[in-house]
Amino acid sequence: MNEMPRIPFVPARPGTTQAGDGLPRRRWSADELQRMLQAGIIEHGERFELIGGDLVAMAAKGRHHEVLKVALNAHWMKIRPPELMIAPETALCLGEHEEPEPDFIVYPATILAPDVRGDTVLLVVEVADSSLAYDRRFKATRYAAYGVREYWVIDAVKRVTTVHREPEGSSYRSVEEHKARKLLKPRFAPELALRLTDLKLG
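Residues numbered from 1 in each chain as written. Predicted model: local features only at pLDDT ≥ 70, side-chain atom pairs only at ≥ 80, totals over all residues. Heavy atoms only, no water.

So, on to the overall build of the chain. What the chain contains, in helices and strands, is 4 helices and 10 strands. Along the chain direction, N to C, the helices and strands of the chain fall in the order β-β-α-β-β-α-β-β-β-α-α-β-β-β. The 202 residues of the chain split such that 43% are buried. Long-range pairs, those at least 24 residues apart, make up 51% of the contacts in the chain between residues at least 6 apart in sequence. In the form shown here, the chain has an accessible surface area of approximately 11600 Å², with 54% of it arising from carbon and sulfur atoms. (Helix = DSSP H or I, 4+ residues; strand = E, 2+ residues; numbered from the N terminus. Buried < 20%, exposed > 50% of the residue type's maximum accessible area, 1.4 Å probe, protein only. Contact = heavy atoms within 4.5 Å. Areas by Shrake-Rupley, 256 points an atom, 1.4 Å probe, with all protein chains shown as cover.)

It is worth spelling out the nonpolar core at this point. One recurring pattern in soluble globular proteins: nonpolar side chains tend to sit buried together. Grouped together as the largest cluster of nonpolar side chains are 24 residues, with contacts concentrated most on Trp76 and Val125. When contributions to this core are tallied by element, the ones reaching two or more residues are α2 (63-79), β5 (84-88), β6 (104-108), β7 (123-128) and β8 (150-155). Sorting elements by how many residues they give to this core places α2 first, with 4 residues. In this structure, Val125 is in contact with Leu72, Trp76, Pro102, Asp103, Phe104, Trp152 and Ile154, ignoring residues within four places of it in sequence. With 17 residues, the next largest nonpolar core counts Ile105, Tyr107, Tyr143 and Ala144 among its residues. (Core = buried A, V, L, I, M, F, W, Y, C linked by side-chain atoms within 4.5 Å.)

Let us look at the side chain of Ser174. Here Ser174 lies in strand β10 (residues 171-178). Residue class for Ser174 comes out buried when judged on its relative accessible area of 17%. In contact with Ser174, not counting residues within four places along its chain, are Val163, His164, Arg165 and Glu166.

Scanning the entire structure with this criterion turns up 9 salt bridges. In this structure, Glu98 engages Arg142 in a salt bridge whose closest nitrogen and oxygen atoms are separated by 2.7 Å. Of this pair, Glu98 sits in the loop between β5 and β6 while Arg142 sits in helix α4 (residues 138-145), and the two are 44 residues apart along the sequence. The salt bridge partner of Glu126 is Lys139, with a shortest N-O separation of 2.8 Å. With Glu126 in strand β7 and Lys139 in helix α4, this residue pair connects regions lying 13 residues apart in the sequence. Among the residues examined, Lys139 registers a relative accessible area of 4% and is labelled buried. (Salt bridge = Lys/Arg side-chain N within 4 Å of Asp/Glu carboxyl O.)

Let us look at α2. In a regular helix each residue adds 1.5 Å, so 17 residues correspond to 24 Å; α2 covers 25 Å between its end C-alpha atoms and thus fits that length. For α2, every residue scored as buried is listed here: His65, Leu68, Lys69, Ala71, Leu72 and Trp76. Its buried side turned inward, α2 meets β5, β6, β7 and β8. (Expected span 1.5 Å × (residues − 1).)

This part takes up the packing of aromatic side chains. Using the criterion set out here, one finds 4 aromatic pairs in the structure. Seen in terms of ring centroids, Tyr134 and Phe138 are 5.4 Å apart; in terms of plane orientation they differ by 25 degrees. Their pairing is stacked. Three or more aromatic residues joined by ring pairs form one cluster here, namely Trp76, Phe104 and Trp152. (Phe/Tyr/Trp six-rings, centres within 6.5 Å; stacked < 30°, edge-to-face > 60°.)

The next thing to look at is the pairing of β10. Summarising the sheet, strand β9 (residues 161-168) and β10 pair through 7 bridges and their orientation is antiparallel. Opposite Thr162, over in β10, you have Glu177 as the bridge partner. Count of turn residues in the β9/β10 antiparallel hairpin: 2 residues, of which Gly169 carries a positive phi of about 65 degrees. (Pairing = 2+ DSSP bridges.)

Here we come to the sheet that holds β8. If you trace the 6 strands from one edge of the open sheet to the other, you get β5-β6-β7-β8-β9-β10, paired in mixed fashion. The sheet is open, and its two edges are formed by β5 and β10, each paired on a single side. Direction aside, the axes of adjacent strands within the sheet are offset by 20 degrees on average. Where β7 meets β8, 5 bridges bridge the pair, whose relative direction is parallel. Residue pairing for β8: Val124 is matched across the bridge by Tyr151. Packed on one face of the sheet, α2 meets β5, β6, β7 and β8 and runs near 150 degrees to β7. Against the sheet, α4 engages β7, β8, β9 and β10, with an angle of about 130 degrees to β10. (Axes fitted to C-alpha atoms, helices over the stretch in contact; angles between N-to-C directions.)

Everything listed here is a matter of coordinates, which is why it stays silent on function.
Pasting the structure below:
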């Protein structure tokens, strides 16, 4: 029996990502993602984010997450000054291959939501239950790398907020945890200060 010729492994060219098993995988861009949505290839209701060129399925949202998110949105809508905008669950374009969808972004009212970038967003907030470890570790590195100046991860179950500030490289120099009774004051949007204990969470 003739031995099958060996096919040499060709490393993926620059611009692709690598799966855990070493198989090459195509790297998508934010522009390509928008074109797929417009063409109906991907349905608008599908829940995923563009992270490092990968389409990453978003974690299912539990009861604690939804209760806290709705209460936080209602509170901020009541106290929001006209010079600030608050957008829940909107794509934040950080780069060609990076478009996460945080639970909230706060940005100047002079900017349209699709035009907000890492260096112009005032605050990024992730409300987390099942995605807590992912949001605290991996996502923090991505937000820091793109210059997001303040990033909160709110544990929807324990109601502890991890506040990340002062991005440097792919990490934050300042990372602090605060319990629900602590006054949380965004550095670049202090008008939105709140205590989680003041929210109607049932």
